[in-house]
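# Understanding the architecture of this molecule
If you want the building blocks of each chain, they are given just below.
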Amino acid sequence: MLVSTKQLVEELQIFGLDCEDALSEKLADLCVQYGQNEEGMVGELVAFCTSTGKACLTAEILNSFEHEVLSKKLSKAWHNVSKNSGHAGTRDIVSIQELIEVEEEEESLLNSYTTPSKGPQKRPITTPETPLTKRNVSLRSPHQILSPSSFSPSATPSPKYNSRNNRGEVVNTFGWSQGVCWSGRGGAGNPSLKVIGYPEPLTGSYKFMFQKLPDIREVLTCKIEELGSELKEHYKIESFTPLLVPVQEPVTLLGQICCDSNGKLNSKSVILEGDREHSSGAQIPVDLSELREYSLFPGQVVIMEGINTTGRRLVATKLYEGVPLPFYQPTEEERDFEQTVVFLACGPYTTSDSITYDPLLDLITIINQDRPDVCVLFGPFLDAKHEQVEKCLLTSPFEDVFKQCLRTIIESTRSSGSHLVFVPSLRDVHHEPVYPQPPFSYSDLSREDKKRVQFVSEPCTLSINGVIFGLTSTDLLFHMGAEEISCSAGASDRFSRILKHILTQRSYYPLYPPPEDMPMDYEHLYAYAQLPVTPDVLVVPSELRYFVKDILGCVCVNPGRLTKGQVGGTFGRLYLRRKPMDWEKRRGLSIAAQVVRI
């Protein structure tokens, strides 16, 4: 299709619009791209300028015109074509790319039955003996699959992110990381992945926002009674005393830590709420002045020993520590693995000043280079807190942008063979806003990809070759850190205290009440967010500083987020190895870990 820039300029001058040479060439390219003649294109452009109050023509106006008028018109045209051909749904940039792929495969098949020319081949000749495989298709650059300009009118790269000079820097290490080869075997390792539930994992959506207060009360009561029973058996306590009964001798009480007001918990506002069996849910203020050390947070189930002479106030003298669950004992088959390399990365995958997904593309490059056996990716993949999302500046539905992002990750890592595990986040703008959160639903997986891609719930307990991973994308460290109070005779680490609480309270979210922006469903929390065993590795991504710690024999990892505002963040990598002759000590498992800058 030939387009005359001279005619375009003349048409614009009729309406009093001057056009520079560069802009007229850009306009001619748009005519070719969207199949418009000179008169039709100028007519639509003038209408757009008149409706938006633009008096002169600039490059910025042309970009807005393309995204707001031409792109929508093309999408509508595809929609009409799909309707007429019996196919439902609109055609976005991903659908167009799929059509191109089909056309290329058909043309390649036709070429296989013709005499090849002597000149250079534009595409590889394929025959029934050497077909075009999915691996060949996946060799396309991720930049070709993920096109931010298709869903954002201002998809410009982040200057601060691109100017960073510390990429690849190791900022934290754990274990015997010296001399470790961080390259995995990709699909050749054939790792065994299995979701462990308590009693069963969350696999699909459920109805929420139907909670009744008595049901919430029942869940909290069951939690107190179950943990209380375990602690009573562990510490060999004979019986518990009711909270409000005055006794002149030391008493032992079971209950849950609460605050006496809606404010933040402090040492003067601690209340102990008793269990239903012994105290009928009664509450009593607690005096902590006699305790030398303590660490408390709202919702914590505790056993306290103290003096309650009036039945109106407990002077605590001893606080019984919680007890973690036992570790998982792998089967003979699960013990038989040499090594496993696991990558951990948490969103957002875009910087706050750009929607181009450059950090995600850099991560994909690293995955293809190192070929980890398993890569666990935490949301958000399309962050609800991103400025362009909050202001509704994206031109495509959130669901379409997410699918395009997901498709990029899956197709671009296909050559590496790495197994992918996707964990949703409450900040994923397109997904169900409830905790616990069901897995993503993605029906476009090929048969080959179904073997290596797994969607799990938030939170989730996952077995990788018999090594148990506790996975959660919720920033529990930040939530509990804002509510926890403590007193210690020596140096004390807040991260370690909080992680210990998670393991001893045996829950992925033991805090009650949660923050106002935490949409909790308590019945499903009780069913799907409890720890079935103490994990070997607990992954707790957070806005707070990255770390790797050994807490009660569990390796706790905060890999950080892949981006921090306008700059690059960090991701984690783990090296797992079993020692066949050392099953008594740590069950023969050795773990090395690093936190690395993207």
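Going along each chain's sequence as written, the residues are numbered from 1 onward. Local features in this predicted model are restricted to residues of pLDDT 70 or higher, and side-chain atom pairs are both shown and tallied only at a pLDDT of 80 or more, whereas totals for entire chains, interfaces and linings draw on every residue. Note that the side-chain values use all heavy atoms of the structure and ignore hydrogens as well as water.

### Focus: the overall build of the chain
Secondary structure elements are taken from DSSP: a helix is a run of H or I of four residues or more, a strand is a run of E of two residues or more, and numbering for both begins at the N terminus. Looking only at helices and strands, one finds 18 helices and 22 strands in the chain. For the exposure calls, accessible area comes from a 1.4 Å probe over protein chains only, and a residue counts as buried if that area is under 20% of its type's maximum, exposed if over 50%, partly exposed in between. The buried share among the 598 residues of the chain stands at 50%. We call two residues in contact when some of their heavy atoms are within 4.5 Å. In the chain, the share of contacts with a sequence separation of at least 24, taken over all contacts with a separation of at least 6, comes to 73%. Accessible surface area values rest on a Shrake-Rupley calculation with a 1.4 Å probe, where residue burial reflects the displayed protein chains alone. For the chain, the accessible area works out to roughly 28900 Å², and carbon and sulfur atoms hold 51% of it.

### A closer look at the pairing of strand β14 (residues 467-471)
Within β14, five of the five residues are buried, leaving the element largely enclosed by the surrounding structure. The side-chain alternation of β14 yields two buried faces, one formed by V467, F469 and L471 and the other by I468 and G470. A strand pair is defined by DSSP finding two or more bridges across the two strands. Bridge count for strand β13 (residues 460-464) against β14 is five bridges, and the pairing is antiparallel. Following the sheet pairing, I464 is matched in β14 by V467. Where β13 folds back onto β14 in an antiparallel hairpin, the turn is made up of two residues, including N465, whose phi is positive at roughly 55°. With three bridges joining them, β14 and strand β16 (residues 537-539) adopt parallel strand pairing. Looking at the pairing, G470 lines up with L538 of β16.

### So, the packing of aromatic side chains
Pairs were defined over the aromatic rings of Phe, Tyr and Trp, the Trp ring being its six-membered one, requiring ring centres within 6.5 Å. Orientation was assigned from the angle between planes: stacked under 30 degrees, edge-to-face over 60, tilted for the rest. Per the counting criterion, the structure on display carries 16 aromatic pairs. Look at Y206 and F208: their rings are 6.3 Å apart centre to centre, the planes differ by 75°, and that puts the pair in the edge-to-face class. Put simply, the rings of Y349, F381, F402, F422, F440, Y442 and F455 pair up and form one aromatic cluster. Here the guanidinium or amino end of R164 rests over the ring plane of Y161, the centre of that ring lying 3.9 Å away. For a Lys NZ or an Arg CZ to count as sitting over a ring, it must be within 6 Å of the ring centre and within 35 degrees of the ring normal. Here the guanidinium or amino end of R577 rests over the ring plane of W176, the centre of that ring lying 4.6 Å away.

### Examining the sheet that holds strand β2 (residues 193-196)
An order of β2-β13-β14-β16-β18-β17 is seen for the six strands of this open sheet, with the pairing classed as mixed. This sheet does not close on itself; its edge strands, each paired only once, are β2 and β17 (547-551). On average, each strand axis in the sheet is tilted by 25° relative to the strand beside it, whichever way the strands run. Relative to strand β18 (residues 554-558), β17 is paired through five bridges, and the arrangement is antiparallel. Across the sheet, residue K549 finds its bridge partner in β18, namely C556. Here helix α17 (residues 494-505) sits on the sheet in contact with β16, β17 and β18, set at roughly 55° to β17. Throughout, an axis means a line fitted to C-alpha atoms (over the contacting stretch in the case of helices), and angles, computed between N-to-C directions, take values from 0 to 180 degrees.

### Section: the environment of Q33
For Q33, the position within the fold is in helix α2 (residues 21-34). Residue Q33 is classed as exposed on the basis of its relative accessible area of 54%. Separated by 37 residues in the primary sequence, Q33 and L70 place their C-alpha atoms 9.7 Å from one another.

### Points about the environment of Q300
When you line up the elements, Q300 lands in the loop between β6 (294-296) and β7 (301-308). Take Q300: its relative accessible area is 6%, and that puts it in the buried class. It is 9.8 Å that separates the C-alpha atoms of Q300 and I502, two residues lying 202 residues apart in sequence. Excluding residues within four positions of it along the chain, Q300 makes contact with G255, Q256, I257, S295, H501 and Q505. Polar contacts, as counted here, are pairs of nitrogen or oxygen atoms within 3.5 Å of one another; within protein the pair requires one atom able to donate a hydrogen and one able to accept it, and residues that are adjacent in sequence qualify only if both atoms are side-chain atoms. Engagement of the side chain of Q300 in a polar contact is seen with the backbone nitrogen of F297, the distance being 3.1 Å.

### Looking at the side chain of T570
Of note, T570 is situated in strand β21 (residues 570-578). With relative accessibility at 4%, the residue T570 sits in the buried group. A polar contact is formed between the side chain of T570 and the backbone oxygen of P559, at a distance of 2.6 Å. When neighbours within four sequence positions are excluded, T570 is seen to be in contact with V171, Y546, P559, G560, R561, L562, V595, V596, R597 and I598.

### Looking at a negative patch on the surface
The patch calculation keeps residues exceeding 30% relative accessible area without a salt bridge and links them within 9 Å when they carry like charges or within 5 Å when they are nonpolar (Val, Leu, Ile, Met, Phe, Trp, Tyr). Any carboxyl oxygen of Asp or Glu within 4 Å of a side-chain nitrogen of Lys or Arg constitutes a salt bridge here. The convention is simple: Lys and Arg are positive, Asp and Glu are negative, and His and the chain ends are not counted. Throughout, a charge is located at the NZ atom of Lys, the CZ atom of Arg, the CG atom of Asp or the CD atom of Glu. The grouping of E20, D21, E25 and D29 at the surface amounts to a negative patch. Considering the arrangement of structural elements, one finds D29 in helix α2.

### Observations concerning helix α3 (residues 38-52)
Taking 1.5 Å per residue, 15 residues should reach 21 Å; α3 reaches 21 Å between its end C-alpha atoms and fits that length. Of the positions making up α3, those classed as buried are E38, M41, V42, L45, V46, F48 and C49. Looking straight down α3, one finds that the buried residues subtend no more than 160° of arc, so they occupy a single side. Exposed side chains of α3 directed beyond 90 degrees from the buried face belong to E39, T50 and S51. Looking one or two residues beyond α3, the residue adopting positive phi is G53, at roughly 75°. Any helix carries an expected span of 1.5 Å times its number of residues minus one. It is the directions from the helix axis to the C-beta atoms whose arc is reported.

### What about the packing of helix α1 (residues 5-14) against α2?
Geometrically, a packed helix pair is captured by the angle between its two axes and the distance between the axes. One way to put it is that α1 packs onto α2 with a least axis distance of 9 Å and a crossing angle of 105°. Taken together, the axis directions place α1 and α2 in an arrangement best described as roughly perpendicular. When α1 is examined against α2, the residues T5, L8, V9 and L12 are found in contact with a partner set consisting of S24, E25, L27, A28 and C31. Orientation labels follow simple angle bins: below 35 degrees gives roughly parallel, above 145 gives roughly antiparallel, 65 to 115 gives roughly perpendicular, and whatever is left gives oblique.

### What to know about the sheet that holds strand β10 (residues 374-378)
Within a sheet, neighbouring strands are paired by backbone hydrogen bonds and run either parallel or antiparallel to one another. Taken together, the seven strands give an open sheet; going across it, the order is β1-β22-β21-β9-β10-β11-β12, and neighbouring strands pair in mixed fashion. In the strand order of this sheet, the two ends are held by β1 (170-174) and β12 (453-455), each with one partner. Going across the sheet, the axis of each strand differs from the next one's by a mean of 15°, ignoring polarity. Sheet topology note: the β21/strand β22 (residues 589-597) ladder contains nine bridges and is antiparallel. Its bridge partner lying in β22, Y575 is registered against A592. The sheet strands contacting helix α12 (residues 358-370) are β9 (339-346), β10 and β21, and the helix crosses β9 at an angle near 175°. Most of the contacts of helix α14 (residues 398-412) go to strand β11 (residues 419-423), to which it runs at about 160°, and overall it touches β10, β11 and β12.

### A word on α14
For α14, built from 15 residues, the straight-helix expectation of 21 Å at 1.5 Å per residue is met to within 8% by its first-to-last C-alpha distance of 21 Å. Burial analysis of α14 places eleven of its 15 residues in the buried class, the great majority of the element.

### What to know about the confidence of the model for the chain
On a scale of 0 to 100, pLDDT captures the predictor's confidence in every residue. Confidence in the prediction of the chain, expressed as mean pLDDT, is 86, and 86% of residues score 70 or more. Here residues 85-93 is modelled with pLDDT under 50, and outside its nearest four sequence neighbours on either side it reaches 13 contacts, counting other chains as well. Low confidence marks residues 117-138, where pLDDT is under 50. Its contacts with residues over four positions away, or in another chain, come to 24 contacts.

### Some thoughts on the packing of α12 against α14
Remark: α12 packs on α14, axes separated minimally by 10 Å, with the N-to-C direction vectors making an angle of 20°. It follows from the interaxial angle that α12 and α14 lie roughly parallel. You can see that α12 and α14 cross each other, and the crossing is right-handed. In this structure, α12 uses L360, L361, I364 and N368 to contact α14, whose residues at the interface are C405, T408, I409 and S412. Taken together, the residues of the contact of α12 with α14 break down into five nonpolar, three polar and no charged. When the near helix sits turned anticlockwise from the far one by under a right angle, the crossing is termed left-handed; a clockwise turn instead gives a right-handed crossing. Residue polarity follows a fixed list, in which Ala, Val, Leu, Ile, Met, Phe, Trp, Tyr, Cys and Pro are nonpolar, Asp, Glu, Lys and Arg are charged, and the others, Gly among them, are polar.

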